[in-house]
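So you can see what is in the structure, the chains are spelled out below.
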Amino acid sequence: MKLGRGYLILTVPLAFLVIFFYVPLVSIIKTGLWEDGFTLRYIASVIQNDYHRRVILFTIAQALGSTLLTVALGLPGAYLFAKYDFPGKRVIRAVLTVPFVMPSVMVALGYILLFGKSGIVTDLIGRDPGILYSWKGILLAHAFYNFPIVIRMVSSLWQRVNPHYEEAALSLGARGFSLFWRVTLPLISPAIFASAMLTFVFSFLSFSIPLIIGGYRYATIEVDIFTAIMTLLDFKTGSALAIIQILLSMAFMYAYLRSLDAYARREEQRVFRKPIPFRRGDWLSLRGLATALYSLIVFIFIVSPLLAVIYDSLRFNGHWSLEWYRRIFSTEYNPMFGLTTLDAIRNSLLFGLATVVLSITVALPIAYALHRWDFRGKRLFDILAMLPLASSPITLGLGYIKTFHGTPLYYTAWIIVAAHTVIAYPFVLRAVSTGLKKIKPNIFEAALSLGAREWKAFLRVELPLVLGSLVVGAIFAFAMSIAELGATYMLAKPEYTTMSVAIYKFLGARQFGSASALSVLLMAVSTAGFLIIERIGEEVW
Amino acid sequence: MVTVTLRNIVKARNGFRLKIDELIVENGEFLTLLGPSGCGKTTTLRMIAGFERPDRGEILFDGRPVNDLPPYERNIGIVFQDYALFPHMTVFKNVAFGLEMKGLPKSEIERKVRWALEIVGLTGLENRYPEQLSGGQQQRVALARALVVEPEVLLLDEPLSNLDAKIRERLRGEIRRIQRELGITTIYVTHDQEEAMAISDRIAVMNVGRVEQVGKPLELYYRPETEFVARFLGLSNILELEAENGRACLNELCFDVGRSGRVRIFFRPESVYIMKGDTAEVLDYELLPGRIRLKLGIGDRVILAERFLDELPFSVEEMPERVDVRVRSFSVLGQ
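What this report covers is the structure whose coordinates are included nearby. (Residues numbered from 1 in each chain as written. Chains lettered and ligands numbered in written order. Predicted model: local features only at pLDDT ≥ 70, side-chain atom pairs only at ≥ 80, totals over all residues. Heavy atoms only, no water.)

**Some details on the overall build of chain B**
Then, number 1: On a plain count of helices and strands, chain B comes out with 8 helices and 19 strands.
Then, number 2: Counting only C-alpha atoms, chain B reaches 75 × 45 × 35 Å along its principal axes.
Then, number 3: Burial statistics for chain B: of 335 residues in total, 52% are counted as buried.
Then, number 4: For chain B, long-range pairs separated by at least 24 residues make up 65% of all intrachain contacts whose partners lie at least 6 apart in sequence.
Then, number 5: Here chain B displays about 15,400 Å² of accessible surface, and carbon together with sulfur accounts for 45% of that area.
Then, number 6: Considering chain B, the positive charge centre built from 46 side chains and the negative charge centre built from 51 side chains are found 4 Å apart. (Helix = DSSP H or I, 4+ residues; strand = E, 2+ residues; numbered from the N terminus. Buried < 20%, exposed > 50% of the residue type's maximum accessible area, 1.4 Å probe, protein only. Contact = heavy atoms within 4.5 Å. Areas by Shrake-Rupley, 256 points an atom, 1.4 Å probe, with all protein chains shown as cover. Lys, Arg positive; Asp, Glu negative; His and termini not counted. Charge placed at Lys NZ, Arg CZ, Asp CG, Glu CD.)

Here's what the structure looks like:
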């Protein structure tokens, strides 16, 4: 199909992206590289500064470490999921979705409650395990978020490795490790590489985790920009750091998207091997014990921070109580963020809903245009549409301050919704694009041949078929909006405080009980999202 | 119903070039585009449907150019190899889709859907979803969906190739019956020469982007104009001989070709009759159900002969080393 007058549907999405992503981006570049003409002074001074240089190197190092830990933790799971059917597989699979929808403020809180000075684990083993406020905690939390991605992507490809390849290699004398190394690994490597790249990008841009459980000693670029702007009000240094971060993350994101292409090509194979069912006796074999142990570790790893938060929210002065809940539901004005906690809950939900609506408005036409039409510059358009994925909330916040400060928009809630949409919409776009790709092209042509115009064929045939993907994308957008901390914290006036910001402020004030109770509410909302995703069961990443 | 004309069509894509000087599908005719994969037959069909545009040339429905018409304004019905049923709609909804697009009143839609489902023999399955149907049933739904809008042209793109042999044969008979009943101009794409022979009024044999020959099935079978057509439609004997005084001879086996010089003579194995004698050597033979296929050596050439067993002047057990042959009908191939 050629692009006709249909390009009109792109007006709103393009306007949105230009105003709320590209203009702020340019304003950052201008701030960092411009002072009475082009200058590299600020970039140079950041690179020459010992502290900033160490932050940049640490950001890369911790992303690398997180990626290695994540892959190491995920690969055995991928193997088990691809090869075997074992009791509890469905439960574990469902549990693996949990991290995607759990806000990182809450997970950070969970780690504090587990490993902090008076944490549960600390009490149990009688000494500080040295995880909190160190790089170990950061790596662990990043692995928590990303190892399910490794399991999903790698096992999905592993299942499609035609057993005949391995059987042929076996018949030729390859076995054990050499079979894996020479035959299986090259076949699944696109999945390992793509999931590792994604983990790397996430860890590289991570904000809340290093901010809360890394402390100042283990700051990432993201935290450094945040401090430069919010504490030191040094926009020049902040912008210079942001430019460095954008350049690096764009390079990493490019590598990720390339690796994703290779992965998607392999994933088109329609071969599915049947998983080998576990029999009762198998549990007593080495393999069975390893499976049980691995499942247990996964379960504890994912569930323990959540349980810690729930436990803490129910403990008041050393006994069981609902006191923390009473406090957050009271209509008392909270001096810390200038409104009642209920208002924060309401804000979160409203911003989340608005983000969903706006994300769909932006993503759907773009997904459709990329799917349906061939036009000059399509590849460039695709990259420009996905670029927000390489931006970070803090950079976005900085760009918005530079661009919109002083305009009426800056003082409304819409500025927050716009930021959330820029962050969340690429996920809706990806989900819908993947869904559209799964529809056989003949289906659309059949509709045309029966007299349906293009838009009617879309509404009646294609849209119903991508609805599942759209819902999953929308839930992701919602979950990202209510979990978002950095940009919201930078942009929100007190009356627009959200649950995430409130939890962060409670944490700063060492009011763990309130933070926990509010986190449990956040968890409840996230769990609702998780249940819907489980129900629909579409894969979007 | 309309006459479909393709004139001076050129379509280039990825180094492949499709060129059709003229192809006319008469009103009410069943024409098959037959050829190996990659010959351009599906592309031709998709251009008639309007999914693809020719780079040059004209497509006419009853003399009206339709090049600029999108598929939804061409009034066609198309059935795909993979059926392309809407997976989120019931059988009824699938068949009703085209009528709803036309904005027909509900009662009429219902009446027409029943009519179409009755024609394809699916009455009673209205509320099933495509995934609950067998392959053959899905194909019938696809056919009903294409027919119910009363298209001027019915296009079928390898509609039977995903089905197993038995159902394929039954459905092809039904497609033919329905097409005759409705008198609808039909263009059918397949790579299966047997299917093409069984179902078509005429066949257009295609090869690397060209139409090699158009004709009635038996015409193509016994009187192919090119070696490609000859070989694509079945086992062939092709002898390249020097003709003198209007006759070309291979030892005692002579053909009246009516001209002189180098000729290529074509005949089917079943045109070769076997008699007692000694002009040809029996090199090998193969038994088929009720038939026998012989490999015969005449001079330095080998020809194939195929006969029913009871046509042989001897029994298979007493197969002689040498026989006589006679060729009843042959044609001279173009260069």
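**Quick notes on the sheet that holds strand S18 (residues 322–327) of chain B**
Residues and elements named next belong to chain B.
Then, number 1: Pairing within the open sheet is antiparallel, and its 4 strands lie in the order S17-S16-S15-S18. On the outer flanks of this sheet lie strand S17 (301–308) and S18, each paired with one strand and no other. Pairwise comparison of adjacent strand axes, ignoring direction, gives a mean angle of 55° for this sheet. (Pairing = 2+ DSSP bridges. Axes fitted to C-alpha atoms, helices over the stretch in contact; angles between N-to-C directions.)

**A closer look at the packing of aromatic side chains**
Then, number 1: What the rule picks out here adds up to 35 aromatic pairs over all chains.
Then, number 2: For the pair Phe 16 of chain A and Phe 20 of chain A, a centre-to-centre distance of 5.1 Å together with 40° between the ring planes defines the contact as tilted. Of this pair, Phe 16 of chain A and Phe 20 of chain A both sit in helix H1 (residues 11–33), 4 residues apart, roughly one helical turn. Residues Phe 16 of chain A and Phe 20 of chain A agree in their burial class; the two are buried.
Then, number 3: Feature note: the residues Phe 16, Phe 20, Tyr 400 and Phe 404 of chain A constitute an aromatic cluster, connected by ring pairs.
Then, number 4: One cation-aromatic arrangement involves Arg 145 of chain B over Phe 86 of chain B; the distance from NZ or CZ to the ring centre is 4.6 Å. (Phe/Tyr/Trp six-rings, centres within 6.5 Å; stacked < 30°, edge-to-face > 60°. Lys NZ or Arg CZ within 6 Å of the ring centre and 35° of its normal.)

**Details of the interface of chain B and chain A**
Then, number 1: Counting residues at the interface gives 21 residues for chain B, matched by 18 residues for chain A.
Then, number 2: A buried area of about 1,900 Å², summed over both sides, lies between chain B and chain A, and 65% of it is on carbon and sulfur atoms.
Then, number 3: When the area that chain B buries against chain A is broken down by residue, the three leading residues are Tyr 72, His 88 and Met 101 of chain B, summing to 32%.
Then, number 4: At the boundary of chain B with chain A, the tally comes to 4 salt bridges.
Then, number 5: Asp 82 of chain B serves as the salt-bridge partner of Lys 440 of chain A, at 3.9 Å between the closest nitrogen and oxygen.
Then, number 6: Top contributing element to the side of chain B that touches chain A by residue count: helix H2 (residues 91–101) of chain B, with 4 residues. (Buried area = accessible area lost by both parts, 1.4 Å probe. Salt bridge = Lys/Arg side-chain N within 4 Å of Asp/Glu carboxyl O.)

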